[in-house]
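# Commentary on secondary and tertiary structure
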Amino acid sequence: TSTTTTTTTAEQALQNMAECMQAEVLKQLKDIANEVSFEEQTRKKMGGSYENYTCMDFDLDSTEPIERGFWLDPVSQRNQKVGILHDRPASKIHVIDDFITVEECQAMEDAARPTLRKAVVADGAGGHSVSEN
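These lines cover the structure that appears in this document, whether it is placed above or below. This one's a predicted model, so the numbers in the text were calculated from it and none came from an experiment.

Once that is clear, we can look at the overall build of the protein chain. When helices and strands are tallied, the protein chain shows two helices and five strands. Going through the 133 residues of the protein chain one by one, you find that 7% of them count as buried. Counted over contacts in the protein chain with a minimum sequence separation of 6, partners at least 24 positions apart contribute 18%.

Here's what the structure looks like:
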């Protein structure tokens, strides 16, 4: 009878330990799943905000517009040609031909030069690097 009691007590102790470990492992797995979900949501939000686009470089081929249209300039009342390169709710890239003069462009570039930095861009494999352009 004492052997049966000892076996039952040992079995119960092992069962209690297994249940305890199972509960702790389950808790840790849930915590990890929550962290992974949070990281995934953060990456998606950041990815929508920081997509890889670079400024015009005359030595690089430009992306062809996915759509073309016209925009009526409210000041000059001229119809301007518009090329839509990228159009998402969080980010848009529309190119308007001859939007400003060469002199106006140079003045904007000169004014911005002190704060311009090379862009960090996606490498297509989930990483990033500083743009060479």
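Relative to strand 3 (residues 92-96), strand 2 (residues 79-87) runs antiparallel, the two sharing five bridges. Residue His-86 lies in a different strand from strand 3, and its bridge partner there is Ile-93.

Turning our attention to the sheet that holds strand 3. Spatial strand order, 1-2-3: three strands in an open sheet with antiparallel pairing. Both edges of this open sheet fall to strand 1 (67-72) and strand 3, since each of them pairs with a single strand only. Averaged over all neighbouring strand pairs, the angle between strand axes comes to 35 degrees, with direction disregarded.

Another aspect to go through is unusual backbone geometry. Look at Gln-77: it is not a glycine, yet its phi comes out positive at around 60 degrees. With respect to the helices and strands, the residue Gln-77 is situated in the loop between strand 1 and strand 2. For Gln-77, a relative accessible area of 53% corresponds to the exposed category. At Asp-98, a residue that is not glycine, the phi angle is positive and equals roughly 50 degrees. In this structure Asp-98 comes out as exposed when scored by relative accessible area, which is 67%.

It is worth spelling out the side chain of Gln-80 at this point. Its place among the elements puts Gln-80 in strand 2. On the basis of relative accessibility, which here comes to 3%, the residue Gln-80 falls in the buried class. One polar contact links the side chain of Gln-80 to the main-chain carbonyl oxygen of Asp-97, over a distance of 3.5 Å.

This part takes up the packing of aromatic side chains. According to the stated counting rule, one finds one aromatic pair in the structure shown. Taking the centre distance of 6.1 Å and the plane angle of 45 degrees together, the rings of Trp-71 and Phe-99 count as tilted. In this pair, Trp-71 is assigned in strand 1 and Phe-99 in the loop between strand 3 and helix 2 (102-112), connecting sequence segments 28 residues apart.

The rules behind these values
Residues numbered from 1 in each chain as written. Predicted model: local features only at pLDDT ≥ 70, side-chain atom pairs only at ≥ 80, totals over all residues. Heavy atoms only, no water. Helix = DSSP H or I, 4+ residues; strand = E, 2+ residues; numbered from the N terminus. Buried < 20%, exposed > 50% of the residue type's maximum accessible area, 1.4 Å probe, protein only. Contact = heavy atoms within 4.5 Å. Pairing = 2+ DSSP bridges. Axes fitted to C-alpha atoms, helices over the stretch in contact; angles between N-to-C directions. Polar contact = N/O pair within 3.5 Å; in protein donor to acceptor, adjacent residues only side chain to side chain. Phe/Tyr/Trp six-rings, centres within 6.5 Å; stacked < 30°, edge-to-face > 60°.

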